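Breakdown of the fold
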Amino acid sequence: MAQPDSKKIFFENLSGAGKAIAVLTSGGDAQGMNAAVRAVVRMGLYVGAKVYFIHEGYQGMVDGGENIEEASWESVSSMLQVGGTVIGSARCKEFRTHEGRLKAAHNLVQRGITNLCVIGGDGSLTGANLFREEWSGLLAELVDQGLIEADAIQKYSALHIVGMVGSIDNDFCGTDMTIGTDSALHRIIEVVDAIMTTAQSHQRTFVLEVMGRHCGYLALVSALACGADWVLIPEMPPEDGWEDKMCQKLSATRSRGTRLNIIIVAEGAIDRHGKPITSSFVKDLVVKCLGFDTRVTILGHVQRGGTPSAFDRILASRMGVEAVLALLETTANTPACVVSLCGNQSVRLPLMECVQMTQEVQKAMDEKRFEEAVKLRGRSFENNLKTYKLLAHRKPESELPTSNFNVAVLNVGAPAAGMNAAVRSAVRVGISEGHKMFAVSDGFEGLWKGQIKEIKWADVGGWTGQGGSLLGTKRTLPAKHIDKIAEQMRKHNINALLIVGGFEAFESLLQLYEARATYEEFCIPMCMLPATISNNVPGTDLSIGADTALNAIVETCDRIKQSASGTKRRVFIIETMGGYCGYLASVGGLAAGADAAYIYEEPFDIRDLQANVEHLTEKMKTSIQRGLVLRNENCNDNYTTDFIYQLYSEEGRGVFDCRKNVLGHMQQGGAPSPFDRNFGTKISAKAMQWVTKKLTETFRQGRVFANSEDSCCLLGMRRRALVFQPVVQLKDETDFVHRIPKEQWWLKLRPLMKILAKYKTSYDVSDAGQLEHVVRNRPKESDASVAM
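Below you will find a few notes about this structure. (Residues numbered from 1 in each chain as written. Predicted model: local features only at pLDDT ≥ 70, side-chain atom pairs only at ≥ 80, totals over all residues. Heavy atoms only, no water.)

**Comments concerning the sheet that holds strand E7 (residues 230-232)**
What the four strands build is an open sheet, ordered E7-E8-E6-E9; its pairing is parallel. Looking at strand neighbours, the two that pair on one side only are E7 and strand E9 (294-298), the edges of this open sheet. For this sheet the average axis-to-axis angle between neighbouring strands, irrespective of direction, equals 15 degrees. Strand direction decides the pairing type here: strand E6 (residues 205-210) and E9, joined by five bridges, are parallel. Considered in E9, the bridge of phenylalanine 206 is made with arginine 295. In the packing of helix H7 (residues 217-226) onto the sheet, contacts are made with E6, E7 and strand E8 (261-266), and the angle to E8 comes to roughly 165 degrees. (Pairing = 2+ DSSP bridges. Helix = DSSP H or I, 4+ residues; strand = E, 2+ residues; numbered from the N terminus. Axes fitted to C-alpha atoms, helices over the stretch in contact; angles between N-to-C directions. Contact = heavy atoms within 4.5 Å.)

Right under this line is the structure:
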């Protein structure tokens, strides 16, 4: 493995010795807050700082006493998988008064705390910033009152604040995703999937009310994820006369043979005149106009509950570590910042700039400037809304452009959850763009056998929530039957190709590109969408299906660990899939709180295994009862899962016993997660728009002819943006023997997992977030954000 670059900065230079950090959760709770608290505590202790819990939010800071408690490493064990916040959260009127903040300052100074990590919404973060601005004045008052010594003003001269946004509504500007949003979407989609089966049985219409008093993110994204017929959100109230349009849409859907309708209403939904639109009003409207059997389900606080998703655990852990780094680097002149997510990258933004932008959204909505409110929410929100409109509302045939182009869609490689969402999106966007869409069954095998048929708008209804591949998929590569494939392409006059799949899809596209020299049939726009649970495709940080697999791993690890509660000390050895790519083992290990994860990309030997056993033995002698070790299936030919299990069993004898578990194909099955549904839907829509553009550009003298490198692309997510990359240019980035990219971004997360498991290691901070400004334009493509 490559040695670290000596130019990189490692946080050994950033010591927390002599510093005291306090962490609190405030406002409404959100799943993932505990993961953030755990990361702050362990990272703080790791760099040598003292870390304190402040129980019950700002109320605990004002009351002091036992509410401010020093944290230890063990005190945050077993909280990663727990929803809510174990240190408590409370709304505090007293902190809003000057006297309350004076008490809080006294309580902090008594313990030498000058670094605050606040996890909450915009109200909590605004309060923290006001506290910071008043800090020196508060200390002067405390000296005048004789409550602290005069030298304390100099000693504790500045209060440093870093915020993390914990809110299920995703209503904070400046970050693509807030802690808790993904988990809330999981709760909503679980309910929608369950409701769909009963609605279908009785031919019912269901009106679902979801949270979001001022922000329609949950309603919009869940509507996109389940293919809802109608959605009502506060940022974009429907035009006058929407009632008739909605009923016409529901009626048209039923007339095409669909047995159910789903309408999603945000609790803050309003019409153009500011009048609330309630779920009961929508139900009465449907019954009155259409006579459909209609039911209302109000999800309420179910959305706040339950265990955090894998995404929220990883997001919160990354943000918690980033928050401690930000506190270590801060100076007296550094403004209070909030740790945010942009695309797939951590960034730091001035807290008050984000708060002001968030308040501007509400102001725009109050003044009925709805288009502006949508834009202020950010590119991600705006893109979600555009994609939903594109996919949910079919234009009449008379309004569709007529392109006379035929576009074929196929799945290649192993099935991955989210493939069907991508195909549905491609078909519907393609039809909206005026193309004739063709579905190919069973990948390239089906293509050379002629298993090609036209696919219509209604044919893909209800596909978003289906796991696996409804088109059918095979690992067969095209090279062997290239002549027959060319013949079928000619026979069906295929003008463009969209391939959804994993590493085999990438290899297939390369083969088709090389075949252009011999067969003109492949001189057409071709695009690939990465879809594989292994996340091993070059040119992209994320693949469709990987998030669903991570959630399967994390849920199983939670259950396995729970199975040992109340028994003697136990270590579990768990084998994950992924081929030679260690993404699932590493990122799954971070999300599940693993002690070690063995992967091919990071070679290990018997000494490393011995060190891991000794480390676990040492931990087991404290109050920690369970250990978790993940192993990628191809990490080493000799150190097999059985070998590691036997080694740990022998070396841990008398301290802990061992169990092993091979997760197998359960990682590939199941309904797609909200993330995979939306990621697949959005990148597929973007790919089809690219296909249309390329078809228009390359149509000359009555036919399509595209033979340039940039007409055969992979659409991948790179850091903050979605990028179309010519596949031929990705060859040099690829290890074809082991079917992995030569460089993989997630390897930078491995030291983070080790630190949180109490290993001494180097953590490269050269890629850490730098303070930016929220008003800066984001990259043009970043609407694709990882954050859905």
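**Section: the nonpolar core**
Residues Met164, Ile264 and Leu497 are the most contacted members of the largest nonpolar core, which totals 186 residues. The element contributing the most residues to this core is helix H10 (residues 310-329), with 13 residues. Ile68, Ala105, Val118 and Ile161 belong to the second largest nonpolar core, which has 41 residues in total. (Core = buried A, V, L, I, M, F, W, Y, C linked by side-chain atoms within 4.5 Å. Buried < 20%, exposed > 50% of the residue type's maximum accessible area, 1.4 Å probe, protein only.)

**So, the state of the cysteines**
Scanning the model with the defined rule gives zero disulfides in all. Of all cysteine sulfurs, the one in cysteine 354 lies closest to cysteine 173, which takes part in no disulfide; the gap is 7.9 Å. (Disulfide = S-S within 2.5 Å.)

**Some words on the packing of H7 against helix H22 (residues 674-698)**
One way to put it is that H7 packs onto H22 with a least axis distance of 9 Å and a crossing angle of 80 degrees. Considered as vectors, H7 and H22 are oriented roughly perpendicular to each other. Along its contact with H7, which presents Val221, Leu224 and Ala225, the element H22 presents Arg677, Asn678, Thr681 and Lys682. Here the residues of the contact of H7 with H22 sort into three nonpolar, two polar and two charged. (Parallel < 35°, antiparallel > 145°, perpendicular 65-115°, else oblique. Nonpolar A, V, L, I, M, F, W, Y, C, P; charged D, E, K, R; others polar.)

**Re the side chain of serine 684**
Its location among the elements puts serine 684 in helix H22. Note on serine 684: relative accessible area 0%, which makes it buried. Once residues lying within four places of it in the same chain are set aside, the contact partners of serine 684 are Ala422, Ser425, Ala426, Leu498 and Leu529.

**Remarks on a positive patch on the surface**
Taken together, the side chains of Arg91, Lys93, Arg96 and Arg213 define a basic patch exposed on the protein surface. Inspection of the secondary structure puts arginine 96 in the loop between strand E3 (68-70) and helix H3 (98-110). (Patch = residues over 30% accessible without salt bridge, like charges linked within 9 Å, V, L, I, M, F, W, Y side chains within 5 Å. Areas by Shrake-Rupley, 256 points an atom, 1.4 Å probe, with all protein chains shown as cover. Salt bridge = Lys/Arg side-chain N within 4 Å of Asp/Glu carboxyl O. Lys, Arg positive; Asp, Glu negative; His and termini not counted. Charge placed at Lys NZ, Arg CZ, Asp CG, Glu CD.)

**Considerations on the environment of aspartate 710**
As for its position among the elements, aspartate 710 is in the loop between strand E23 (703-704) and strand E24 (712-718). Overall, the relative accessible area of 38% leaves aspartate 710 in the partly exposed class. Through-space distance from the C-alpha of aspartate 710 to that of methionine 526 is 9.3 Å; in sequence the pair is 184 residues apart. Those residues in contact with aspartate 710 that lie beyond four places of it in its chain are Trp690, Lys694 and Pro726.

**Considerations on the pattern of salt bridges**
A pair can form between side chains of opposite charge whenever their charged atoms are brought close. Taken as a whole and assessed by the stated rule, the structure comprises 39 salt bridges. Measuring nitrogen to oxygen at the nearest pair gives 3.1 Å for the salt bridge that ties arginine 570 to aspartate 657. With arginine 570 in strand E18 (residues 570-576) and aspartate 657 in strand E21 (residues 657-662), this pair connects stretches of sequence that are 87 residues apart. Each member of the pair arginine 570 and aspartate 657 is classed as buried. A salt bridge links lysine 754 to glutamate 602, with the nearest nitrogen and oxygen atoms 2.7 Å apart.

**Focus on the packing of aromatic side chains**
A complete count under the given rule lists 17 aromatic pairs for this structure. An angle of 90 degrees between the planes, with centres 5.6 Å apart, marks the rings of phenylalanine 131 and tryptophan 135 as edge-to-face. Here tryptophan 135 and phenylalanine 131 lie together in helix H4 (residues 122-144), a separation of four residues that amounts to about one turn. Using a relative accessible area of 0% as the deciding quantity, one classes phenylalanine 131 as buried. (Phe/Tyr/Trp six-rings, centres within 6.5 Å; stacked < 30°, edge-to-face > 60°.)

**A few points about the pairing of E6**
Among the six residues in E6, six count as buried, and that is most of the element. The side-chain alternation of E6 yields two buried faces, one formed by Thr205, Val207 and Glu209 and the other by Phe206, Leu208 and Val210. Summarising the sheet, E6 and E8 pair through six bridges and their orientation is parallel. Each residue of the ladder has a partner; that of threonine 205, found in E8, is asparagine 261.

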